[in-house]
Amino acid sequence: MNHSKTAEEILQLVGGESNVQNVIHCMTRLRFNLYDNSKADRQALEQVDGVLGSNISGSQFQLIIGNEVPKVYKEIIANSNLSESKSTEGEESKQKKNVISSIFDVISGVFTPILPAIAGAGMIKGIAALLVTFGWLQEASQTYQILTVIGDGAFYFLPILLAISAARKFGSNPYVAAAIGAAILHPTLTAMFAEGGSISFVGLPVTVATYSSTVIPILLAIWIASYVEKWVDRVTHASLKLIVVPTVTLLVVVPVTLITVGPLGAIAGNYLSTGTNFLFQNAGIVAMILLAGTFSLIIITGMHYALVPIMLNNIAVNGFDYMIPAMFLANFGQAGAAFAVAMRSKNKKFKSLSFTTALTATMGVTEPAMYGVNMRLKKPFVAALIGAAAGGLLYALTDVKAYIVAGMAGLPGLPTFVGPEFIFAILGLVLAFVAAAVMTWIMGFEDVAAPAEETTTTEEKAVDTAEETDSEKASEVIASPLTGEVRSLSEVSDPTFAQEIMGKGTAIFPTVGEVVSPVDGEVVTLFATKHAIGLRSTNGSEVLIHVGIDTVKLNGEHFTAHIASGDKVQKGQKLVSFDIEAIQAAGYDVITPIIITNTAEYEDITALAEGAVNSGEAILDLAVPATTSKEAS
């Protein structure tokens, strides 16, 4: 990457220096406060060399750069009249937050961690349905009933899963939140509702409502609980907090939920599902074509997270959903366009990239194809939208619906469509793929030029060979920098980490607020806010430890650094201390991604730990081909 050129292009495409109030950076992103966000050309910016993607958080315009962000930032400051700021989020915190963006952020943070649970359960429901469809299992059999229990469990008790996740997002106690969810699902309460008589609590009427599989009531309840819990905690003496805080929270929030919040949430959810169903039944062709044809745009903006509760609520209330099929079509449209690019590109490296991203898009991971290929070339992205819309037309004509949530919106998730329209669902995906590929072929694109071959002298080749030898990577085991619970990166609410844009790795939900070095090596970067550390091991691995999500906004509060950039460190050496409870009380998730930022230099990265882990225990295995390891040289 030419940092100076990248910085120049970025500054021009955000609307010029005159449109920039200030610019700061964290470990992975440039964070602009612009006078007018609409002047920033996001599509062009995402095609700039070195830019991995963009995001708007609140009023802040963000560009995802990765490890090179300090160098790009330095060039922006050096070649403009903008001043360098040590504060990373101070200005943003003073500005009015965009309400819609805040809602999307909450929904994303709440639903992302639980998606593996509901996707796994949905897949089991799909498998059970397939077994019955092909006559391999009878509905009356105990095996089928147990499979149904496994598949339905996560959906029936969805309020409890959401309660735990929402509590972490809102900074309240997740176990008290789970108790609130369990209370509204209690069999005694369910039986009282089923009897149909009037119900009251201390003389106040309790409205009958169904809470199993619902979304909105529990989200509202835990949002209120977070404020109640924090207020009670603030006014209670430390010696009584363990008893008083959860007791008062439960006594206040559960009745309030049953009397007011819960029924209102249930009614809102029912109206939302009824309205969605009405739209697709009465304007189905137009609605499905538009939704499928624009769903990739929705994914780019991050607004698809706002649709997740609607999708789940539709399945809970109606037994089916029309939005999930549109997501499938969007992914297969992107896959078809990337495949056509691979077929036509003369650049061998870009051809390989296009083939790979086309394959991952058919598996349901579409961002690499969108950002790395189709949006970069522009016309293939338009072709992908057209292909998805073509599939949407077929889906509208044949009334294709999703009956369960079964994993990613790709080939592994096909049990989503098990039902009367299954064959049409498959045909629609094929149509979206083929139509996008054909449109890409017809529309054409400006191919990525292959880099010109450079001629080198014998001395230069000798230097290059020496440099390559010095930079060879060896297989390596990375130790845990934290004590806590191992989580998948997919559970991290920030898409930059969850979608492995920064690289592969794992995440840990810490129980002890202390980061230690996972390797012998050097501190490459310790950000000013002390929430993130970049390390390079003696074996060549580059490790990013990012404590919490959006904790850059704390400006270093609740963090204490014990090292500095450039320090040599030993495995197990203390790097940073942080106050877990204070960070959570401020409303931030403390889940900590551990990323191998030079992932491309390894043949495989394997997780070695699950569940509880202590600092110093092995968590990642980094493997390189035997022919390039130091032992083989």
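Now for a look at the structure at hand. (Residues numbered from 1 in each chain as written. Predicted model: local features only at pLDDT ≥ 70, side-chain atom pairs only at ≥ 80, totals over all residues. Heavy atoms only, no water.)

Now for a nonpolar patch on the surface. A surface patch of nonpolar side chains, amounting to about 460 Å² of accessible area, comprises Ile-285, Val-286, Leu-290, Leu-393 and Leu-397. Only helix H12 (284–301) and helix H17 (379–398) provide two or more residues apiece to the nonpolar patch. Tallying contributions element by element places H12 first for the nonpolar patch, with three residues. Turning to its location among the elements, Val-286 is positioned in helix H12. (Patch = residues over 30% accessible without salt bridge, like charges linked within 9 Å, V, L, I, M, F, W, Y side chains within 5 Å. Areas by Shrake-Rupley, 256 points an atom, 1.4 Å probe, with all protein chains shown as cover. Salt bridge = Lys/Arg side-chain N within 4 Å of Asp/Glu carboxyl O. Helix = DSSP H or I, 4+ residues; strand = E, 2+ residues; numbered from the N terminus.)

So, on to the pairing of strand S17 (residues 592–596). Of all five residues in S17, five are buried, a share of seventy percent or more. Because side chains alternate across S17, one face comprises the buried residues Thr-592, Ile-594 and Ile-596, and the other comprises Pro-593 and Ile-595, equally buried. Taken together, the four bridges between strand S9 (residues 505–510) and S17 define a ladder with antiparallel strand orientation. Bridge pairing in S17 links Ala-507 to Pro-593. (Buried < 20%, exposed > 50% of the residue type's maximum accessible area, 1.4 Å probe, protein only. Pairing = 2+ DSSP bridges.)

A few words on the sheet that holds S17. Strand pairing within a sheet occurs via backbone hydrogen bonds; the two strands may be parallel or antiparallel. With antiparallel pairing, the eight strands of this open sheet are ordered in space as S15-S11-S12-S13-S17-S9-S8-S19. Sheet topology places strand S15 (568–569) and strand S19 (611–613) at the edges, where each strand pairs with a single neighbour.

So, on to the side chain of Thr-529. Within the fold, Thr-529 resides in the loop between strand S11 (521–526) and strand S12 (532–537). For Thr-529, a relative accessible area of 2% gives the class buried.

So, on to the side chain of Glu-476. Take Glu-476: it is sitting in strand S7 (residues 476–479). Here Glu-476 is buried and forms no salt bridge, its nearest opposite-charge partner Lys-571 lying at an N-O distance of 6.8 Å. A polar contact is formed between the side chain of Glu-476 and the side chain of Ser-537, at a distance of 3.0 Å. In this structure the side chain of Glu-476 is engaged in a polar contact, spanning 3.0 Å, whose partner is the side chain of Ser-541. Setting aside anything within four residues of it in sequence, one finds Glu-476 in contact with Val-519, Ser-537, Asn-539, Ser-541, Tyr-602, Leu-620, Asp-621 and Leu-622. (Lys, Arg positive; Asp, Glu negative; His and termini not counted. Polar contact = N/O pair within 3.5 Å; in protein donor to acceptor, adjacent residues only side chain to side chain. Contact = heavy atoms within 4.5 Å.)

Further remarks concern unusual backbone geometry. The backbone phi angle of Lys-378 is positive, close to 70°, even though this residue is not glycine. Mapped onto the elements of the fold, Lys-378 is located in the loop between helix H16 (367–377) and H17. Backbone geometry places Asn-555, a non-glycine residue, at a positive phi of 55°. With respect to the helices and strands, Asn-555 occurs in the loop between strand S13 (542–546) and strand S14 (559–561).

The values reported here are purely geometric and, on their own, carry no functional implication.
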